[in-house]
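Topology and contacts: notes
The primary structure of each chain is shown beneath.
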Amino acid sequence: MVVSMTLLPVLSLVLITIFFFFHPIFAKMEFIADTVYEEIRPIRGLQMALIVSMMAPNDFLLHGNMEEKKIWEQSKDEVDHYFIMLINNPAYAAEKRKLLLLREEWDKCILLGDQLFQVRDSGVVFKSAADLMEKFDLSVETLAGDLDSFATYRESAVRSAYHTIHALKTKTIIATLGAILLGLISGIFGSIWLAKSRRKMLEFMTKDALTGAYNRRALDDALHILNEDKISFSVLLLDIDNFKSINDMHGHDAGDSVLRSFVEGTQNVLRTDDLFGRYGGEEFLILLYDTNLNHAAVLAERIRRSVELSPVFIPSSGAHLSLTVSIGCAASDGLIPSEEVVRKADKAMYMAKQSGRNQVRLAE
C-alpha cells in the first residue's frame, strides 16, 4: 500500500506534534508496561519451562533415545532456576508460601519423570508405562495451571492502568489522525479481508467442519506423500464404541458434542507432529511420523485411557456420558503402501471391537 506523496508532509507534521505533546503519556505507558512485564516474565518463563520439561520423558518412552535424559536434566535445572527467581523476588513476598508448596509439587513431578527413564523399552508392558506417562503429564499440567493465577492477577492490574491512559490518548489522537487514516483504511481492511478469505478457504479444504480435525481429503493427501517419499510411519485407527446408541438415546446433537469433545481431548494427548483427522463418521485416523509399532501402541493406550477417564457433558440433557474407544495400530518401514497399512490398522481395530471394545490391538 503506497501513501500519496502529498500526504507525507501533513503526516510528518502530525507525528511530530504528537511526539512533543504526548511523549510524557507514552513514556508513562512504557514504564508501566516494562515494570509489570518484568514481574510477569519469570512466571510465564516457568510455565513454559514446565511444559517443555514434559517432552523429554514422553519422547524417551516413545522413541527410547537416551539423549532425552540429558534434555530432561537441563529442563529440571531451568525449572529450578525460575522457581528460585520467583521465591526470592520481593514482588512475590505475599505468595512465597504458595510458591514453596508448588516447588514441593515439582519435586514430585521430578520423581515421576525420573521413573519414566527407568522404564525399559521392552515393547510388551506399554499399558503400565502409559499410566505413568499420563500421571506425570497431569501433574506437570496441573502445576503449570496453578501458576497462571499469579500472572493473571498482575496482567489484570496492568490492563486496568493501561486502559486509563489509553483512553486519554485515544480521545486526543483519533481526531487528529482520523482524516489521514480514512484514505488508508480501505486498503488495510482489504488486505485483512483477503488474508482471512484465503485462510478460511484453506481450512474449508482441509478441516472437518464439525470437529476441527483434518478431513478425509487431507489424510489421503498425507498418505499419498508418504507413499512417494518412502517415509516410515505408524497409523492409529480409532472408532468410538457404541456411538450409534448415543445418537439413538440422546439425539444427534449429543452425538456431535461427543465427537467434538473426543477430538479436543485426543488432540491434547498427541504430539506436535502427529496428524489427526476424521476418517468418516465416528472413525478417526492418526498418522505418526517416524514411529515404530511399539511406540505407537504406547501412545494409543494413552489415548484410550484419556477417553475412558474423560466423561462428556451433554448440555441438552445435563448428562455426563462415559466413552470408550477401540484402536487398531499398524506400521510401515516406508516400503509398504500406505493403503495397506491403513487396511491392517482397520483389521486390528475390528479385532479390538470383536474382543470386547475399549482396547488397543496391534496389526499382525
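This text follows the structure it describes.
Note on numbering: residues in each chain are counted from 1, in written sequence order. Per-residue local features are limited, in this predicted model, to residues with pLDDT of at least 70; the limit for side-chain atom pairs, both in listing and counting, is 80 or more; totals at the level of whole chains, interfaces and linings are taken over all residues. Heavy atoms from the whole structure form the basis of all side-chain values; hydrogens and water molecules are not counted.

A word on the packing of aromatic side chains. Ring geometry is summarised as follows: Phe, Tyr and Trp rings, the Trp one being its six-membered ring, pair when their centres sit within 6.5 Å, and such pairs are stacked at plane angles under 30 degrees, edge-to-face over 60 and tilted between the two. Tallied over the entire structure, the rule returns seven aromatic pairs. Look at W72 and F117: their rings are 6.3 Å apart centre to centre, the planes differ by 25°, and that puts the pair in the stacked class. In this pair, W72 sits in helix α3 (residues 67-87) while F117 sits in the loop between α4 (96-116) and α5 (126-206), placing the two residues 45 residues apart along the sequence. We call a residue buried when its accessible area falls under 20% of the maximum for its residue type, exposed when it is over 50%, and partly exposed in between, using a 1.4 Å probe and counting protein chains only. Take W72: its relative accessible area is 0%, and that puts it in the buried class. Where F262 meets F284, the ring centres are 5.0 Å apart and the plane angle is 50°; that geometry is what we call tilted. Separated by 22 residues along the polypeptide, F262 in helix α8 (residues 252-269) and F284 in strand β3 (residues 283-289) bring together distant segments of the chain. Here F262 and F284 have matching classes, each one buried. Linked through ring pairs, F60, W72, W106, F117 and F136 together constitute an aromatic cluster. Positioned above the aromatic ring of F117, the side-chain terminus of K69 is 5.2 Å from the ring centre. The helix count covers DSSP runs of H or I at least four residues long, the strand count covers runs of E at least two residues long, and both are numbered beginning at the N terminus. By definition, being over a ring means that NZ of Lys or CZ of Arg is both within 6 Å of the ring centre and within 35 degrees of the ring normal.

A separate point is the nonpolar core. Burial of nonpolar side chains together is a common tendency in soluble globular proteins. Ranked by size, the top nonpolar core spans 63 residues in total, and within it L236 and I303 carry the most contacts. The element best represented in this core is α5, accounting for eight residues. Contact between two residues is taken to exist if any of their heavy atoms lie within 4.5 Å; hydrogens are not considered. Look past the residues within four positions of I303 in its chain and what remains in contact with it is L236, L238, T266, V269, L270, I286 and I327. Among buried residues, the Ala, Val, Leu, Ile, Met, Phe, Trp, Tyr and Cys ones that are joined through side-chain atoms within 4.5 Å form a nonpolar core. In terms of nonpolar packing, the next biggest core, distinct from the first, is built from 18 residues, L223, F233, L275 and A348 among them.

Glancing now at helix α7 (residues 243-250). The complete set of buried residues in α7 reads F243, I246 and N247. On an axial view of α7, the arc spanned by its buried residues comes to 95°, and they lie on one face. Those residues of α7 that are exposed and angled more than 90 degrees off the buried face are K244, D248 and M249. Here the buried face of α7 lies against β1 (233-240), α8 and β5 (319-321). Taken from the residues just after α7, G251 is the one with a positive phi, measuring 100°. This arc is taken over the directions from the axis of the helix to the C-beta atoms.

Let us look at a nonpolar patch on the surface. A patch consists of residues exposed above 30% relative accessible area that lack any salt bridge, with like charges linked at up to 9 Å and nonpolar side chains (Val, Leu, Ile, Met, Phe, Trp, Tyr) linked at up to 5 Å. Values of accessible area rely on a 1.4 Å probe in the Shrake-Rupley scheme; residue burial ignores everything except the protein chains shown. Only one rule defines a salt bridge in this text: a Lys or Arg side-chain nitrogen within 4 Å of an Asp or Glu carboxyl oxygen. A grouping of M48, I51, V52 and M55 is seen on the molecular surface, where their side chains present a nonpolar patch of about 350 Å² in accessible area. When residues of the nonpolar patch are assigned to their parent elements, the largest contribution, three residues, is made by helix α1 (residues 8-53). Checked against the element boundaries, V52 lands in helix α1.

To continue, consider the sheet that holds strand β6 (residues 325-332). Here, strands pair whenever DSSP counts at least two bridges between them. Spatial strand order, β2-β3-β1-β6-β7: five strands in an open sheet with mixed pairing. On the outer flanks of this sheet lie β2 (275-280) and β7 (360-362), each paired with one strand and no other. Neighbour-to-neighbour, the strand axes of this sheet turn through a mean angle of 20°, independent of strand direction. One ladder, built from three bridges, connects β6 with β7; its direction is parallel. Looking across to β7, one finds that G328 is bridged to R361. Lines fitted to C-alpha atoms define the axes here, with helix axes fitted over just the stretch in contact, and angles between the N-to-C directions of these axes take values from 0 to 180 degrees.

Right, let's get into the side chain of S75. Along the polypeptide, S75 turns up in helix α3. Setting aside residues no more than four positions away along its own chain, S75 makes contact with V52 and S53.

We now examine the pattern of salt bridges. Within this structure, the stated rule accounts for 16 salt bridges. Close ionic contact of K76 with E73 constitutes a salt bridge, the shortest N to O distance being 3.3 Å. Remark: E73 and K76 occur in helix α3; sequence separation between them is three residues, near one turn of the helix. With a relative accessible area of 31%, E73 lands in the partly exposed category. In this structure, D137 and R302 form a salt bridge, with 1.8 Å as the shortest nitrogen-oxygen distance. Here D137 is found in helix α5, whereas its partner R302 is found in helix α9 (residues 293-308), with 165 residues between them in sequence.

The next thing to look at is unusual backbone geometry. With a phi close to 55°, N242 is a non-glycine residue in the positive phi region. Here N242 shows up in the loop between β1 and α7. Look at N242 and you get partly exposed, because its relative accessible area is 44%. You will see that D290, though not glycine, has its phi angle at about 50°, which is positive. By the element assignment, D290 lies in the loop between β3 and α9. According to the relative accessible area criterion, D290 is exposed, its value standing at 56%.

So, to be careful, I would describe these as geometric facts and stop short of saying anything about function.
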